[in-house]
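Spelled out from the first residue to the last, the chains are:
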Amino acid sequence: MWSRIRSITKTPVRCKHCGRESSLISQSLGLCSDCLRHNYDEVLPIIKQAHEEARKSFNLPPYSPKAEAGVACRICVNECSIAEGGVSYCGIRTNKDGKLKGATADRAKVSWYYDPLPTNCVADWVCPAGTGAGYPKFAYRRGAEVGYKNLAVFYHACSFDCLFCQNWHFRKLTNSGDWVTASKLDEAVDEHTSCLCFFGGDPTPQLPHAIYASKLALKKSRGRILRIYWETNGSMHPALLKQMAELSLNSGGCIKFDLKAWNDKLHIALSGVSNSRTLDNFRFLGSYNKMRPSPPFLVASTLLVPGYVDKEEVAGIAAFISSLDPDIPYALLAFHPDFCMSDLSTTSKQQATECLDAAKAAGLTRVRLGNIHLLRE
Ligand code: SF4
Ligand code: SF4
Ligand SMILES: [Zn+2]
């Protein structure tokens, strides 16, 4: 079952703090995971510098703005307060003449495509489209929904700044192209569309648009099966999360949270932002999960970044998920070198096995390894 990708010989990088050399240190961060975990305060300036570097070529501000008399946005954990003429952390909002301008419920930077079902997604191994779970109420067929399609909706902004971002190209689109209305997006939902999946970038900064578009699409579907899905970093305001949850719960869809790291220091180093809101939100969704165990309402995933997201991280995340419900599906995803961390190799077979074992040891009953073609010896 393992791929034949061979070990990649890569020049070791020296940790800027402890001096240790390893091929599991990315040049862009220049720090080993031990220093991130145990010497965080001392290495924080190096972490900040790495994110400043990653953001400046996209004209994104290095930190979430906190202007005293700025205009406020509370859509995500960053809680920007933007000074006159300034730009939000996600890049999709500005302050013009003392007013918040940019994305709204009726305009977004977004694109979409059709994905014939069954498709390769984080939840395909448990969802109605991939398995027929929930048939006949929530699925058109007993097995995979062949003949139907997913409308994959890609939002062009994000509330995090992951150095390993696998979809980093969205950053080039945040401030280009036209604004798209929710009704224009809704026109793309036809009678063969059985699910609508919002991802990106991340849907979070433009959630009012996604929620509005979902409501329009459900109204148009007039009771036929149309499931609403979200693939997200989970950093949104809880009031928006509640609306997302209701839409997915009632339509047979689900919410897929990417839990990137358990240790918050490591999370900030890798993704630029704390994981606290994400974990609080995931905990909140645990109560919804009990209302509709099948098809699964809540799914988690973690990207196994070599040298950083190891068995210790996975064990922490898995224990957290298990404490909410051991039957919540959890997908571990092999890493592909990308964006600022394109100098790392792919996930090793050993790392994947250790992480898989850690997730199972935490009591989770549904754990899966995805992207196994990327695993190296
Ligand atoms: S949350 Fe996802 S889209 Fe956003 S920066 Fe991280 S990996 Fe990229
Ligand atoms: S959605 Fe964007 S503007 Fe709003 S708080 Fe988050 S980063 Fe700031
Ligand atoms: Zn170090």
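The structure under discussion appears in the preceding block.
These notes cover the structure that comes with them. Remember, it's a predicted structure, so these values are computed and weren't measured experimentally.

## As for the environment of D264
Logical step 1: Considering the arrangement of structural elements, one finds D264 in helix 7 (residues 264–271).
Logical step 2: Between the C-alpha atoms of D264 and E187, which are 77 residues apart in sequence, the distance is 41 Å.
Logical step 3: Those residues within four positions of D264 in sequence are excluded, and the remaining contacts are S274, N275 and S276.
Logical step 4: A polar contact of 3.0 Å, which involves the side chain of D264, links it to the side chain of S274.
Logical step 5: From its side chain, D264 meets the backbone nitrogen of N275 in a polar contact 2.7 Å long.

## Re the sheet that holds strand 9 (residues 193–200)
Logical step 1: Across the sheet, eight strands lie side by side as 7-8-9-10-11-12-13-14; this open sheet has mixed pairing. Lying at the two open borders of the sheet, with one neighbouring strand each, are strand 7 (110–116) and strand 14 (367–370). With direction set aside, neighbouring strand axes in the sheet form an average angle of 20°.
Logical step 2: Of the strand pairs in this sheet, strand 9 and strand 10 (residues 227–232) are connected by four bridges, and their pairing is parallel. Looking across to strand 10, one finds that C197 is bridged to Y229.

## A few points about the packing of helix 5 (residues 207–221) against helix 6 (residues 238–251)
Logical step 1: Two elements in contact, helix 5 and helix 6, have axes separated by 10 Å at closest approach and are oriented at 25°. Classified by the interaxial angle, the pair formed by helix 5 and helix 6 is roughly parallel. Judged by the twist between their axes, the crossing of helix 5 over helix 6 is left-handed. Of the residues in helix 6, those in contact with L207, I211, S214, K215 and L218 of helix 5 are L240, Q243, M244, L247 and S251.
Logical step 2: Along the lines of polarity and charge, the residues of the contact of helix 5 with helix 6 split into six nonpolar, three polar and one charged.

## Some words on empty space enclosed by the protein
Logical step 1: Considering all chains together, one arrives at two cavities of 30 Å³ or more under this definition.
Logical step 2: By volume, the largest cavity amounts to about 90 Å³.
Logical step 3: If you go around the largest cavity, the residues you meet are C73, I75, C76, N78, E79, C80, S88, Y89, C90, R93, S159 and P205.
Logical step 4: Quantified by volume, the second largest cavity comes out at close to 40 Å³.

## Details of the site of ligand 2
Logical step 1: Neighbouring ligand 2 are C73, I75, C76, N78, E79, C80, S88, Y89, C90, R93 and P205.
Logical step 2: In a pocket analysis with a 2 Å cut-off to the grid points, ligand 2 is assigned to the largest cavity.
Logical step 3: Residues of the shell around ligand 2, tallied by class, amount to seven nonpolar, two polar and two charged.

## A short note on helix 10 (residues 349–361)
It helps to recall that an α-helix has 3.6 residues per turn; residues three or four apart then point in one direction.
Logical step 1: Between its terminal C-alpha atoms helix 10 stretches 18 Å, which fits the 18 Å expected from 13 residues at 1.5 Å a residue.
Logical step 2: Of all the positions in helix 10, only Q351, A352, C355, L356, A358 and A359 are classed as buried. Buried residues along helix 10 cover an arc of 160° about the axis, so they all sit on one side. Projecting away from the buried face of helix 10 at angles above 90 degrees are the exposed residues Q350 and A361.
Logical step 3: Residues of helix 10 that are buried in the fold lie against strand 12 (298–304), helix 9 (311–324), strand 13 (330–334) and strand 14.

## A short note on the coordination of the zinc ion (ligand 3)
Logical step 1: At the metal site, the zinc ion (ligand 3) is ligated by C15 (SG), C18 (SG), C32 (SG) and C35 (SG), and these contacts range over 2.2 to 2.4 Å.
Logical step 2: Its four donor atoms give the zinc ion (ligand 3) angles of 104 to 119° at the centre, a pattern that matches the tetrahedral case.

## Quick look at the packing of helix 2 (residues 40–56) against helix 7
Logical step 1: For the pair helix 2 and helix 7, interaxial distance at closest approach is 9 Å and the crossing angle is 25°. Taken together, helix 2 and helix 7 sit at an angle that is classed as roughly parallel. In this structure, helix 2 uses Y40, I47 and H51 to contact helix 7, whose residues at the interface are K265, I268, A269, L270 and S271.
Logical step 2: Taken together, the residues of the contact of helix 2 with helix 7 sort by class into five nonpolar, two polar and one charged.

Calculation notes
Residues numbered from 1 in each chain as written. Chains lettered and ligands numbered in written order. Predicted model: local features only at pLDDT ≥ 70, side-chain atom pairs only at ≥ 80, totals over all residues. Heavy atoms only, no water. Helix = DSSP H or I, 4+ residues; strand = E, 2+ residues; numbered from the N terminus. Contact = heavy atoms within 4.5 Å. Polar contact = N/O pair within 3.5 Å; in protein donor to acceptor, adjacent residues only side chain to side chain. Pairing = 2+ DSSP bridges. Axes fitted to C-alpha atoms, helices over the stretch in contact; angles between N-to-C directions. Parallel < 35°, antiparallel > 145°, perpendicular 65-115°, else oblique. Left-handed = near helix turned anticlockwise from the far one by under 90°. Nonpolar A, V, L, I, M, F, W, Y, C, P; charged D, E, K, R; others polar. 1 Å grid on protein atoms, 1.4 Å probe; cavity = no way out; pocket = protein on both sides within 12 Å on 5 of 7 lines; lining within 4 Å. Points joined across faces, edges and corners; volume = space filled by probe spheres on them. Near = heavy atom within 4 Å. Sits in = over half its atoms within 2 Å of the grid points. Expected span 1.5 Å × (residues − 1). Buried < 20%, exposed > 50% of the residue type's maximum accessible area, 1.4 Å probe, protein only. Arc of directions from axis to C-beta. Donors = N, O, S within 2.8 Å, 3.2 Å for Na, K, Ca; no water. Tetrahedral: all angles 85-135°; square planar, octahedral: opposite > 155°, others 65-115°.

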